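Examination of the molecular architecture
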Amino acid sequence: NTVDNSGVVEKRNSYNSMLQDANRKIGVAEQQGVTRKSIDELNAKFDLLQETKVYFEVMIDLAMDLERAKNEALEENLTSLFTGVVWRLFEEQLNGGFANVCYPLLNGVPYQDQSTGERIFTGVDIIRTFQTIQKVDAPIIIDNRESLTLSLPTTSQEVNMYVDEAQETLQV
């Protein structure tokens, strides 16, 4: 007298399988909801970070403009003390920053590339400016005077030394 429950057991197993499948789908849907919420939060943070990045890029550009203006003003202020020499105190680098340098220029030519006469003129202009600032007047000894064709910007006494090919010994 056994009752055949096989149909009921089969239906129960089928319902259990459908229930598990439904529970799995509910779990996946809940996980997708959590994931979507997390993605939305991350997108909101990303947008905020993008705005912050733009703000700081603008601040960096303003700081670089300020530094450039300060450097130009400093060079102009220093150069205004001289009659012919222009000073280059900063060089812009590839990364946008500035390197500290100190080049006296005469007609746009750096000291190391100047002719002997231009170097003498540059040196005398620097000496004259230092004398003016310190309120002293000292004689300036100029060697290779024959190389100089420019008039010197000084009120100091000059001791000029020339080369004379006919002279075999030094005469003072």
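Note: the structure precedes this text.
Right, let's walk through the structure included here.

Quick notes on the pattern of salt bridges
Using the criterion set out here, one finds eight salt bridges in the structure. The closest approach of N and O atoms between Glu-92 and Arg-68, which form a salt bridge, is 2.7 Å. Taken together, the residues Glu-92 in strand β1 (residues 85-92) and Arg-68 in helix α1 (residues 6-79) connect sequence positions 24 residues apart. Under the relative-accessibility criterion, Arg-68 is labelled partly exposed at 24%. Put simply, Arg-145 and Glu-158 hold a salt bridge, and the shortest N to O gap is 3.7 Å. Taken together, the residues span a long stretch of sequence, with Arg-145 in the loop between β4 (140-142) and β5 (158-160) and Glu-158 in strand β5 at a distance of 13 residues. By relative accessible area, Arg-145 is classed as buried at 15%. The exposure class of Glu-158 is partly exposed, given its relative accessible area of 28%. Salt bridges sharing common partners tie together Asp-21, Arg-24 and Lys-25.

Details of unusual backbone geometry
The phi torsion at Asn-107 lies on the positive side, around 55°, for a residue other than glycine. Among the structural elements, Asn-107 can be located in the loop between β2 (98-106) and β3 (109-110). The phi torsion at Lys-135 lies on the positive side, around 60°, for a residue other than glycine. For Lys-135, a relative accessible area of 75% puts it in the exposed group.

Brief notes about the environment of Glu-10
Tracing the backbone shows Glu-10 in helix α1. The exposure class assigned to Glu-10 is exposed, which follows from its relative accessible area of 59%. For the pair Glu-10 and Val-85, spaced 75 residues apart in sequence, the C-alpha to C-alpha distance is 104 Å.

Brief notes about the pairing of β1
Across seven bridges, β1 lies against β2 in antiparallel orientation. Bridge pairing in β2 places Val-85 opposite Leu-106. The hairpin turn running from β1 into β2, its antiparallel successor, is five residues long, and Gly-96 in that turn takes a positive phi close to 95°.

Thresholds applied
- Residues numbered from 1 in each chain as written.
- Predicted model: local features only at pLDDT ≥ 70, side-chain atom pairs only at ≥ 80, totals over all residues.
- Heavy atoms only, no water.
- Salt bridge = Lys/Arg side-chain N within 4 Å of Asp/Glu carboxyl O.
- Helix = DSSP H or I, 4+ residues; strand = E, 2+ residues; numbered from the N terminus.
- Buried < 20%, exposed > 50% of the residue type's maximum accessible area, 1.4 Å probe, protein only.
- Pairing = 2+ DSSP bridges.

Fair warning: the whole summary comes from geometry, so function is off the table for now.
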